[in-house]
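# Coordinates in review
Chain by chain, the residues run as shown.
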Amino acid sequence: MDRDIRTTDDVMALLDGLFAAEADRWTAGASDWWDGFYADRDRPVPFFVAKPDENLVSYVERGVIPPGGRVLDLGCGPGRNALHLAARGFAVDAVDLSPAAVAWAGERAREAGAEVRFHCGDAFTWDAGGPYDLVYDSGCFHHLPPHRRVSYLALLDRVLAPGGHFALTCFAAGPGGMGSELPDAQFYRERSLQGGLAYTPEALRRIFGGLTEVELRRMRDEAADSAAFGEGFLWTALFRRAA
């Protein structure tokens, strides 16, 4: 007889276990899945391109994000956004579950002569340090099950500096969007995240209601020859923590 639930971490682990093993793309045990995903670098995956998100480029160019701060890039993948920020004078820590992704990002950084501190691990359990002036997430949040939003908000509360910014791109619900629009409870019944969760602007505002909204819009589609990445099936959101 198991009666081991004592802490929030215990509850999170229990809820993680309600999903089929192959559905898990958010705990440390998911690194093998992501390694397989990144194994073929020539696959036509939109975000395999070595281009930063168009919204991130815009934030920096407009001075919405003050220059030269400390940044944490969550789920950095091959490092495209981390490298862009490092090249513009930011001090960047970037974390990803996948050793293959981190290795690819490191190669890109060496080729570009960019200084980024890449870390392989689970952002929820990794000692991220901080505080960070910007926490950036391009495509990590929508791969989390509903209960892990609690862990995510706790991470932001722990590492985001007073007055700091949090920026997010995630699957957009509705016409032209991507991701599953099932109710939260249904994901547990299905034991699957259906490839990722779609969000509405209203949902994002509720979830991150402890922060001040700066900008929330659809990502702009960018042409193949653009210097930036942009796909209209994503939301881009920028929030600021009170000083």
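First, a word on what this report is: a plain description of the structure on this page.

Definitions and limits used
Residues numbered from 1 in each chain as written. Predicted model: local features only at pLDDT ≥ 70, side-chain atom pairs only at ≥ 80, totals over all residues. Heavy atoms only, no water. Phe/Tyr/Trp six-rings, centres within 6.5 Å; stacked < 30°, edge-to-face > 60°. Helix = DSSP H or I, 4+ residues; strand = E, 2+ residues; numbered from the N terminus. Buried < 20%, exposed > 50% of the residue type's maximum accessible area, 1.4 Å probe, protein only. Lys NZ or Arg CZ within 6 Å of the ring centre and 35° of its normal. Axes fitted to C-alpha atoms, helices over the stretch in contact; angles between N-to-C directions. Parallel < 35°, antiparallel > 145°, perpendicular 65-115°, else oblique. Contact = heavy atoms within 4.5 Å. Nonpolar A, V, L, I, M, F, W, Y, C, P; charged D, E, K, R; others polar.

### As for the packing of aromatic side chains
- Scanning all chains against the criterion turns up 22 aromatic pairs.
- Consider the rings of Trp 33 and Trp 34, whose centres lie 4.7 Å apart with planes at 85°: the pair is edge-to-face.
- Taking 5.0 Å as the distance between ring centres and 35° as the angle between the ring planes, the aromatic pair formed by Phe 141 and Tyr 199 counts as tilted. Highlighted residues: Phe 141 in the loop between β4 (132-138) and α6 (148-159) and Tyr 199 in the loop between α7 (184-190) and α8 (201-207), separated in sequence by 58 residues.
- According to the relative accessible area criterion, Phe 141 is buried, its value standing at 1%.
- Put simply, the rings of Trp 33, Trp 34, Phe 37, Tyr 38, Phe 47, Phe 48 and Trp 104 touch in pairs and so form one group of aromatic residues.
- In this structure, Arg 70 is placed above the aromatic ring of Tyr 132, and the distance from its NZ or CZ to the ring centre is 4.6 Å.

### As for the packing of helix α2 (residues 31-38) against helix α5 (residues 99-112)
- Contact geometry of α2 with α5 gives a least axis separation of 7 Å together with a crossing angle of 45°. By the angle between their axes, α2 is oblique relative to α5. Residues Ser 31, Asp 35 and Tyr 38 of α2 touch α5, and the partners they reach there are Pro 99, Ala 100, Ala 101 and Trp 104.
- Considered class by class, the residues forming the contact of α2 with α5 number five nonpolar, one polar and one charged.

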